[in-house]
Amino acid sequence: MSLHEEVSALLRTVAAQVVIPRFRALAGHEVTIKSAGEIVTVADREAEFRLHDGLAALGLGARIVGEEAAERDPALLDDVGDGLVWLIDPLDGTGNFAAGRAPFGMMIALVEDGSPVAGWMFDPLSGRLCHAARGLGATCDGAVVRARPTGAARTRAALGTQFLDPGLRERVHAHADRHLAVVPIPRCAAESYPRLVFGSDDVALFQRILPWDHAAGALFLTEAGGRITHWDGAPYRVGGSGAGVLAAASPGLWEQTAEVLLGPAAGLIELDCLVS
């Protein structure tokens, strides 16, 4: 089998054996708080163990960095932008999953020197599999896809600002509301990126750029013809500096929205400078 087929089969197997059986069936002790505003379930941990072992068995010699392992040992993120690395998000949208609602997903990316070279985003409920390989395009369930804007009169923008200081968040949203149609976020990056490609949203803003949250989606979007950069305009890179990323269904939409969200009036670029 090809690498794509092997990783796809691994995701489907772990979803069927670990994730889906626990959906709407979690016991109270199987959900715990791991940090402020963040929870983890037994499904996250078990899925990551299984995915880790499956990727290791492929024999590529890549380091493997999973979300839950990095929570226990932050040193795993040291030099994450160097060399060949597998990134695992075993259950993206854990809050949704634990509440018994969609969306949630599973993501894997293969990254070389900070540049995503292959990515997979799997929806365990629908069976939808989004895949991209650098220079080879993007597919969904085997069919080639191209990003398309919503065509709405006002640009539909999903703003992932929940981790911002409340005052700055209010400022960003007040400014955005004057120029954009701000829509609810799915609280699941494995859903956010497909929405940009499939014509549901035009742009998405993310403050947090944990590598497992964005590597697969960023590659899927760019290979489909969209654009993603850090807030300072630098191309997206795992391990890149800056406070967040801006993603859009087309380069034109990125340009238009960057003027609104990353201009002085919104205040985000000031935060980006502080973080950088």
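Remember, predicted model here, so these are calculated numbers, not experimental data.

Caption draft 1: Region of the structure containing the packing of aromatic side chains. Enumeration according to the criterion identifies six aromatic pairs in this entry. Residues Trp86 and Trp120 carry aromatic rings whose centres are separated by 6.1 Å and whose planes lie at 40° to one another, so their mutual orientation is tilted. One end of the pair, Trp86, is in strand β4 (residues 84-92); the other, Trp120, is in strand β6 (residues 115-122), with 34 residues separating them in the sequence. Neither Trp86 nor Trp120 differs from the other in exposure class; each is buried.

Caption draft 2: Focus on the nonpolar core. Grouped together as the largest cluster of nonpolar side chains are 36 residues, with contacts concentrated most on Leu87, Tyr193, Phe220 and Ile228. Taken together, the elements giving at least two residues each to this core come down to β4, β5 (105-112), β7 (129-133), β8 (137-140), α6 (189-197), β12 (203-206), α7 (211-223) and β14 (245-248). In contact with Phe220, not counting residues within four places along its chain, are Met121, Cys130, His131, Ala132, Ala138, Thr139, Val145, Pro194, Val197 and Phe198.

Caption draft 3: Structural detail: the sheet that holds strand β3 (residues 63-66). Spatially, the seven strands line up as an open sheet ordered β3-β4-β5-β6-β7-β8-β9, and their pairing is mixed. Every interior strand has two partners, whereas the edge strands, β3 and β9 (143-144), have only one. Of the pairings in the sheet, the one linking β4 to β5 comprises seven bridges and is antiparallel in character. Across the sheet, residue Asp92 finds its bridge partner in β5, namely Gly105. Relative to the sheet, α7 contacts β3, β4, β5, β6, β7 and β8, its axis offset from that of β6 by approximately 95°.

Caption draft 4: Local environment of the packing of helix α1 (residues 3-19) against helix α2 (residues 42-56). Close contact between α1 and α2 brings their axes to 10 Å; oriented N to C, the two are set at 150°. When the interaxial angle is binned, α1 and α2 end up roughly antiparallel. At the point where α1 passes α2, the crossing takes the right-handed sense. Between α1, through Val7, Leu10, Leu11, Thr13, Val14, Gln17, Val18 and Val19, and α2, the contact on the second element is made entirely by Ala43, Glu46, Ala47, Arg50, Leu51, Gly54 and Leu55. Of the residues that constitute the contact of α1 with α2, the class distribution is 10 nonpolar, three polar and two charged.

Caption draft 5: View of the sheet that holds strand β11 (residues 181-183). Strand order in the open sheet made by the five strands is β11-β10-β12-β14-β13, with mixed pairing throughout. Single-partner strands in this sheet number two, and they are β11 and β13 (227-230). Averaged over all neighbouring strand pairs, the angle between strand axes comes to 20°, with direction disregarded. Both β12 and β14 contribute to a ladder of four bridges, which runs antiparallel. Residue Leu205 lies in a different strand from β14, and its bridge partner there is Leu246. Lying over the sheet, α7 contacts β12, β13 and β14, oriented at roughly 135° with respect to β13.

Caption draft 6: Examining unusual backbone geometry more closely. Between Ala102 and Pro103 the backbone carries a cis peptide bond, its omega angle lying at 0°. For Pro103, the location among the structural elements is in the loop between α4 (94-98) and β5. Unlike most non-glycine residues, Asp113 shows phi in positive territory, near 50°. Turning to its location among the elements, Asp113 is positioned in the loop between β5 and β6. Under the relative-accessibility criterion, Asp113 is labelled partly exposed at 48%. Residues other than glycine seldom take positive phi values, yet Asp141 does so here, at roughly 50°. If you trace the backbone, Asp141 turns up in the loop between β8 and β9.

Caption draft 7: Broad picture of the pattern of salt bridges. Across all of its chains, the model carries nine salt bridges by this definition. Linking Arg208 and Glu38 is a salt bridge whose minimum nitrogen-to-oxygen distance equals 3.3 Å. Of the two residues, Arg208 sits in the loop between β12 and α7 while Glu38 sits in strand β2 (residues 38-41), which places them 170 residues apart along the sequence. Accessibility expressed as a relative area gives 17% for Glu38, which makes it buried. When the shortest N-O distance is used, the salt bridge between Glu191 and Arg195 registers 3.0 Å. With a gap of four residues between them, Glu191 and Arg195 both fall in helix α6, about one helical turn apart. A residue is classified by how much of its surface remains accessible, and Arg195, at 23% relative accessible area, is partly exposed.

Cut-offs and rules
Residues numbered from 1 in each chain as written. Predicted model: local features only at pLDDT ≥ 70, side-chain atom pairs only at ≥ 80, totals over all residues. Heavy atoms only, no water. Phe/Tyr/Trp six-rings, centres within 6.5 Å; stacked < 30°, edge-to-face > 60°. Helix = DSSP H or I, 4+ residues; strand = E, 2+ residues; numbered from the N terminus. Buried < 20%, exposed > 50% of the residue type's maximum accessible area, 1.4 Å probe, protein only. Core = buried A, V, L, I, M, F, W, Y, C linked by side-chain atoms within 4.5 Å. Contact = heavy atoms within 4.5 Å. Pairing = 2+ DSSP bridges. Axes fitted to C-alpha atoms, helices over the stretch in contact; angles between N-to-C directions. Parallel < 35°, antiparallel > 145°, perpendicular 65-115°, else oblique. Left-handed = near helix turned anticlockwise from the far one by under 90°. Nonpolar A, V, L, I, M, F, W, Y, C, P; charged D, E, K, R; others polar. Salt bridge = Lys/Arg side-chain N within 4 Å of Asp/Glu carboxyl O.

Coordinates in, geometry out; function isn't part of it.
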